[in-house]
Amino acid sequence: MFSKKNKQQIRRLSSGGLIDRSKPIGFKFDGKPLMGYVGDTLASALLANNVKLVGRSFKYHRPRGIYTAGTEEPNALVALRTDARTEPNTRATNIELFDGLEAKSQNRWPNLFLDVMQINNLAGPLFTAGFYYKTFMGMPGWHFYEYFIRKAAGMGSTELERDPDTYDKKNAFCDILIIGGGPTGLSAALSAGRTGARVLIIDSSKLLGGQLIWELDQIDDKPALQWIESALKELNEMKNVTIARRTTAFGYYDSNVVNAIESVSDHLPTPEPHTVRQRLWQIRAQKVIIATGATERPLVFSNNDRPGIMLASAARRYANQFAVKPGNRAVIFANNDDGYKTAVNLAEKGIDVRAVVDSRTYVNEFWKTKLDELGVELILGSAVINTHGHFGLTGVDIASLSSDQKSTSSQSTFISADLLAISGGWSPNVHLYCHAGGRPQYEASIAAFVPGLRSQSEYPAGASNGAFSLIDCITEGTNCGIQLATELGFSKTIFSIPQTDEPSVTPIKALWRIPGKGKKFVDIQDDVTESDIKLAHQEGYISVEHLKRYTTLGMGTDQGKTSNMNGHAIMAEERGEAIETVGTTMFRPPYIPIAMGPLAGRDIGQSYSAKRKSAIHNWHHENGAIFIDAGQWLRPQYYLRNGEANTTQNMDLAITREVKGTRGNVGMVDVSTLGKIDIQGADSSEFLNRIYTNGWTKLAIGKARYGLMLREDGIVFDDGTTSRLSEHHYFMTTTTSNAASVLSHMEYCLQVHWPDLDVKISSITEQWAAMAIAGPKSRDVLQKTIDEEDLSDETLPFMGVKQISIDGIPALIFRISFSGELAYEVNVPADYGEYVWRRIMEKGTTDNIIPYGTEAMAIMRIEKGHVAGGELDGRTTPDDLGMNKLISSKKEFIGRRLLQRDGFLDPKRPKLVGLIPTDGKSRIRTGSILVKDPNASLPMPKLGHVSSGAYLSPTLKHPISLGLITGGSKRIGETVWATSPLHGEINEVKIVDPVFYDKQGERLNG
Amino acid sequence: MVDKDYNLPSIKRQSALDGQIESGRFGNCKTEPGIFIEENHPLSIVQLETREPPQKDFLNVIQNLFNFDVPLAPNTSKASDKTRIIWTGPNRWLIVEPETRDLTSLIKSQIKETSFSIVDLSHARSSIGIDGFMTRDLLLKGAAIDFHPEVFLVDHCVQTTFFNLSALICCLDENRFNIFIARGFALDLWQKVQEAAEEFGYETL
């Protein structure tokens, strides 16, 4: 899509780097076509094209440029890709360049150069820490201001379109997980791998080697790249070692669980067919080596945020790895040897290094000689005190620093430069160590926090442990790998540590801030300045945790990777305390920003929750069923006919048809979803006696009984029928929603309360397809369907159970009724469910059999006053529901003792009643509150609530409801008001008996 | 051995996946599929549970019926060419075989003790078989279980969540596994396994 001609990369060095110059790549930044190479990051390609300005700062909208070359990047956050694949706040330093890449700068309007909100910079003194809260909170109209404040101070925004890509998850296990594939990680992998231990090494980059990739180190007198190549060759040959590239560990959790994100396709324009975009790894390791390296810190001085100022290591990396000149005229400012390394690297690449400014007063002869040879001026005991330029650096002011570093000379020197490479020292990446529960300790010799005591099985090593030299990293990695493998029982192997050629190190001298006026940025992403920290101190903030929340130091997408150490040290100086006393904030997951996609994986949309289908599902689907979720089950709610549209009117017609058809002739409903539990054992009767409120010892074989189960606190838990199939064998049914919890409850009782009982229980819910056939013609239809059995009242009376067969298929038939009609529940092995259902429908054709769904079923049960989920809501007692006759006084059962609680005996407790709208037509919404006077002053006394409702009762021709109301049946005949304030509904209702239809139960006999 | 006296209905059993499986190769099948998926159906599955650790009489019955013993080590199974017995809990096993006889009635006829419970679960569980050199990688996508061949050995089994579904996973051979789940979730599992297998290339049989 772009021209491959390359006339733009004016800052590309003519040779060197790990880029493939034979493979140019076209990309766009803010709509402008640019070129880069395979091997570039977006950041390196932008620099190669002399793009200095890449973003605007969070609060002040100051121009910002590329500041780092890694994950810690605070400035170069871009919106990557377009349309539904747009990914905001993506770090340009981490994006592998791909053909057709499109990126846009953020937090600016109308464009990066003419950003109108840069006016904030002029009003800077106003926008101190806590400005918004102090100014706007408590004032009327916060929600009005909030919109504009959020719009002005922010980052990118996401698209609302659905992400077209897929995301995956996987688990991984290993003996030793090594996080980081730098010199420490590779050394650890080699030594552990050689013992035979299962090793998993993960690295966020495509190229393993860490800093060795772009430093010019030698190992065993050869370029470090050769050592990496040799190490990888050996590791690849080990079957017990797995290498995961482009995989970033972002969280370390309990039990050595480490989560990581694999960027499977982020380096491609779109994922390859059948491939995911990203994958979430959940890794369980016995031991974890944290070899995550260290992050270079900036220095805090006036206007230290201009485009053209970057970390010294980043400048080296761009020059060495990407063959990019980060500037033409460079000044280096450091308080440690890193500045010298940078100066030498850049000078050798042909960059005009004007000076090295070192705040220390001494450096070893090695570096002095090197600078002399390259003609680079060395300015010791000095500091950069200010910078110049707007969209790009034009020069720096340098002044002498007093020995206590608290003042600078009044005279300063200006040096023209377009690159200022800064190094304030290195902070070990202790993030994962903190996640694991560790608390870092301050180590003055390197002016940084290092890991302290171990919390789990995490072993920081190398730079992440404060060991910064290459030889120390290799040694620690090697020793750690072998030690942990040995601890896990693997045998030790002989190995040798390679040699490096590093110069001796002059110790760092901590320099947390440089005196001077102007904005001195500490947290460059969140625009937190030195003065913000001073203000926080003046206002009484002592804890670093409070400092963080008040100033936002260490927040944002970089989570303080470059700012925390400086910020906390400045706080310590303000407080006049030692840094170790003031401490550091703890890092929490995630280490890098994580998209929601891989966290959700494939569990989105319809796949969010598993769908459970009955054995008769296909028939329902073919016959116009509209399904409703019942837990995970899909149940037919009602059936549309002959292409009827799914409208409210047709739904009402369908429900009416189903109720009338059932009450008039015969209907059939799929009740396979009811929980079914097989109970066997010599003590089964006694067990049922203890978990149900009513008696079970005298239930005859071949009979079913309705049972009520309570929780231990006396609240109704579940109801259902249980049938005795043989002396020691029962078949229990539960409500659909409580199937699992009833089984768990029973298991708990057997294992904890009564292990002495000889009872075995099993879920057989899925073994049986169940269908309830109800209506005056149900017996006729069933009789025609089954093989040679008599279903008369004599052989199968109400609550009787029979084992029969249908076309040779064994079936259990229960004569029980939820609808109040003559009814049978037929259970057959699930794989025969659809066959038997079809047979019954076929045989019932002449009797006008009709399938009915959950709506008709619910209406018929309300007409009969049967309780269900709305009444068994975890708040009701048997007495509330008029079920006291099911409470046995002759035995103990779960919940019995607490039934006698005062609260349960309170005569004001709401009790079950029926409700009818006085106008005979208004819909009474379930959940409505029952009150005496809808115009009473608030808080309005509540009499009860509506628990279930049928807005149409085809049988009674008017809406009916069940409810619980204080006084219960004593109020029958009264009128009260059902109110639903959320919906603005107030309806007068009459209190009636909860059994609306066939009070004598005569229809049970057909 | 007692056999063939126990007849089955002549009506064909209808699997939960009936009509849902499209045979063929799918996903990233540039070379050989990494995964082969098939439904195991129809199966006889019988749960056997004893109140106490199994005694000699019980062991003899099992030996007589199947020519091998029940596995006593947790999370293991034993198998003959036809039948596999899977440990699913203390003193509890699943006996699984392709359906050729009324296995439940057969076992009931041999075990008269009331301290045993014998429950027919043949229709309660759906089972899919997964084979192919990427099988263990696929399993790792669905379950937080270490399926490394030196850890999860042949004949090992585990009850765990697999793609958020309650499942019993049994290793039959180096790269061959059977998954058992509640029948109602069969289609859901089938689809999830297909999705997860896409990057490896898969063939449905």
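Every residue gets a number counted from 1 within its own chain, in the order that chain's sequence is written. All chains are assigned letters beginning with A, and all ligands numbers beginning with 1, in the order in which they are written. Owing to the predicted nature of the model, reporting of local features is limited to residues with pLDDT of at least 70; listing and counting of side-chain atom pairs is limited to 80 or more, with chain, interface and lining totals taken over all residues. Side-chain calculation: all heavy atoms of the structure are included, whereas hydrogens and water are not.

Quick look at the overall build of chain A
Put simply, DSSP marks the helices as runs of H or I at least four residues long and the strands as runs of E at least two long, and each gets a number from the N terminus on. When helices and strands are tallied, chain A shows 24 helices and 49 strands. Dimensions of chain A, computed from C-alpha atoms along their principal axes, come out at roughly 115 × 70 × 60 Å. Accessibility here uses a 1.4 Å probe with only protein chains present; expressed as a share of the type maximum, an area under 20% marks a residue as buried, one over 50% as exposed, and anything in between as partly exposed. Burial statistics for chain A: of 1006 residues in total, 59% are counted as buried. Contacts: residue pairs with any heavy atoms within 4.5 Å of one another. In chain A, of all internal contacts separated by at least 6 residues, the share reaching a separation of at least 24 is 66%. Using a 1.4 Å probe, accessible areas were evaluated by the Shrake-Rupley method; residue-level cover was limited to the displayed protein chains. A total of about 40000 Å² of accessible surface is found on chain A, and carbon and sulfur atoms cover 52% of it. Between the averaged position of the 112 positive side-chain charges in chain A and that of its 113 negative side-chain charges there is a distance of 3 Å. Positive charges come from Lys and Arg alone, negative charges from Asp and Glu alone, with His and the N- and C-terminal ends not counted. By convention, charge coordinates are those of NZ in Lys, CZ in Arg, CG in Asp, or CD in Glu.

Quick notes on the pattern of salt bridges
Residue and element names in this part refer to chain A. Each reported salt bridge corresponds to a side-chain nitrogen of Lys or Arg within 4 Å of a carboxyl oxygen of Asp or Glu. With the rule as written, the count across this model stands at 72 salt bridges over all chains. Close ionic contact of E545 with R549 constitutes a salt bridge, the shortest N to O distance being 2.4 Å. Placement of both E545 and R549 in helix 13 (residues 544–551) is noted, with a separation of four residues, approximately one turn of the helix. Exposure remark for E545: the relative accessible area of 26% places this residue in the partly exposed category.

Quick look at the pairing of strand 14 (residues 257–262) of chain A
Residue and element names in this part refer to chain A. A large share of strand 14 lies buried, amounting to six of its six residues. Taking every second residue as pointing to the same face, both faces of strand 14 are buried, with V257, N259 and I261 on one and V258, A260 and E262 on the other. Think of it this way: DSSP has to see at least two bridges between two strands before they count as a pair. By the bridge criterion, six bridges tie strand 13 (residues 247–253) to strand 14 in an arrangement that is antiparallel. Residue pairing for strand 14: Y253 is matched across the bridge by V257. Counting the residues in the hairpin turn of strand 13 and strand 14 gives three residues, including S255, whose phi is positive at 60 degrees. Note: strand 14 against strand 15 (residues 278–290), six bridges, orientation antiparallel. Within strand 15, the position partnered with N259 by the bridge is Q282.

Looking at a negative patch on the surface
Each patch is built from salt-bridge-free residues with over 30% relative accessible area, joining like charges within 9 Å and nonpolar side chains (Val, Leu, Ile, Met, Phe, Trp, Tyr) within 5 Å. The grouping of D220, D221, D472, D501 and E502 of chain A at the surface amounts to a negative patch. Of note, D220 of chain A is situated in the loop between strand 10 (218–219) and strand 11 (222–223).

Considerations on the interface of chain A and chain B
With 45 residues of chain A in contact, the opposing surface of chain B contributes 48 residues. Buried area is calculated as the accessible area (1.4 Å probe) missing from two parts once they are joined, with the contributions of both summed. Buried area between chain A and chain B, summed over both chains or domains, comes out near 3900 Å², and the portion from carbon and sulfur atoms is 47%. When residues of chain A are sorted by the area they lose upon contact with chain B, H274, K760 and D831 of chain A head the list and together hold 19% of the total. Seen at the junction of chain A and chain B, the total is five salt bridges. R279 of chain A serves as the salt-bridge partner of E199 of chain B, at 2.3 Å between the closest nitrogen and oxygen. Every element with two or more residues in the side of chain A that touches chain B is listed here: strand 8 (167–179), strand 15, strand 34 (675–680), strand 38 (760–763), strand 41 (809–814) and helix 22 (833–843) of chain A. Of the residues forming the side of chain A that touches chain B, the biggest block, five residues, is contributed by strand 8 of chain A. Gly is put with the polar residues, along with every residue not named as nonpolar or charged; the nonpolar set is Ala, Val, Leu, Ile, Met, Phe, Trp, Tyr, Cys and Pro, and the charged set is Asp, Glu, Lys and Arg. The residue inventory of the side of chain A that touches chain B, partitioned by class, reads 13 nonpolar, 12 polar and 20 charged.

Comments concerning the sheet that holds strand 46 (residues 944–950) of chain A
Residue and element names in this part refer to chain A. Strands sit in the order 44-47-46-45-48-49 around a closed barrel of six strands; the barrel is antiparallel. Taking each pair of neighbouring strands and ignoring which way they run, the sheet shows an average axis angle of 40 degrees. As paired elements, strand 45 (residues 929–931) and strand 46 share two bridges and run antiparallel to each other. Bridging from a neighbouring strand, I929 pairs with H945 of strand 46. Axis definition: a line fitted to C-alpha atoms, limited for helices to the stretch in contact. Angles are taken between N-to-C directions and run from 0 to 180 degrees. Across the sheet, helix 23 (residues 854–863) touches strand 46 and strand 47 (960–966), and the angle it forms with strand 46 is around 125 degrees.

Regarding the confidence of the model for chain A
The pLDDT value tells you how sure the predictor is about a given residue, anywhere from 0 up to 100. With 99% of its residues at a pLDDT of at least 70, chain A reaches an overall mean of 94. In the model, residues 1–5 of chain A has pLDDT below 50 throughout and makes 13 contacts with residues more than four positions away in sequence or in other chains.

A closer look at the environment of D670 of chain A
Residue and element names in this part refer to chain A. Here D670 is to be found in strand 33 (residues 667–670). By relative accessible area, D670 is classed as buried at 4%. Taking the C-alpha atoms as reference points, D670 and L982, 312 residues apart in sequence, are found 35 Å from one another. N or O atoms within 3.5 Å of each other form a polar contact, as long as, within protein, one can give a hydrogen and the other can take it, and as long as residues adjacent in sequence are counted only when both atoms are side-chain atoms. Polar contacts involving the side chain of D670 include one to the side chain of S614, which spans 2.5 Å.

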